[in-house]
Amino acid sequence: MKCLKRGSKVLVLLLLLMSMVIIEQKKVKAEEMDLYDVISTNENLPDNIYMRAANPVTFDHTAGTSSHDNYVTRYCWGLTQCYQGSIKLDSYTRARYENFLGMVTADSGRQWSENQGQSYAESGSVSADIGSQWVGHTYYGNE
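The text that follows walks through the structure, step by step, so that each part is easy to find. (Residues numbered from 1 in each chain as written. Predicted model: local features only at pLDDT ≥ 70, side-chain atom pairs only at ≥ 80, totals over all residues. Heavy atoms only, no water.)

**A word on the overall build of the chain**
Link 1 in the chain: Secondary structure summary: the chain contains 1 helix and 10 strands in total.
Link 2 in the chain: Helices and strands appear in the chain in the N-to-C order α-β-β-β-β-β-β-β-β-β-β.
Link 3 in the chain: Within the chain, the fraction of its 143 residues that count as buried is 29%.
Link 4 in the chain: Counted over contacts in the chain with a minimum sequence separation of 6, partners at least 24 positions apart contribute 62%.
Link 5 in the chain: With an accessible surface of roughly 9,600 Å², the chain has 58% of that area assigned to carbon and sulfur atoms. (Helix = DSSP H or I, 4+ residues; strand = E, 2+ residues; numbered from the N terminus. Buried < 20%, exposed > 50% of the residue type's maximum accessible area, 1.4 Å probe, protein only. Contact = heavy atoms within 4.5 Å. Areas by Shrake-Rupley, 256 points an atom, 1.4 Å probe, with all protein chains shown as cover.)

Here it is as structure tokens:
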């Protein structure tokens, strides 16, 4: 009987956590101003030597979607500046579209900065239909 109560408590806790995630996702969706999402990922490994240094590596990264043709098609873009303390470092940015099956299209490849400047990447274009299966992704790092 004690195991059943413990199992019930775990089940209730899991249901509560799941409902909090769903509520938070709905809240984020309601507050979004942009029609299209872009997911950004730092590709640096958390246990690399830079992360353990006295001045860890940090990134200023911005991403979004735009169009060259009044949203008949759209592209995603990313802009990155890498720092170690106050020192600017070279970095890369990559922009592409991915779908829920893991397929990739319109990939910019890694676009590296020059002379410790900002790196900028722009994906190729995809359809701007609301029902489009493609989600913009940007990736950035310095390794």
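**Thoughts on the pattern of salt bridges**
Close approach of charged atoms lets side chains of opposite charge pair.
Link 1 in the chain: In the structure shown here, the tally under the stated rule is 4 salt bridges.
Link 2 in the chain: As a salt-bridge pair, Arg96 and Glu98 come within 2.8 Å of each other at their nearest N and O atoms. Glu98 shares its class with Arg96; the two are buried.
Link 3 in the chain: A single network of salt bridges, built from pairs that share partners, joins Arg94, Arg96, Glu98 and Asp107. (Salt bridge = Lys/Arg side-chain N within 4 Å of Asp/Glu carboxyl O.)

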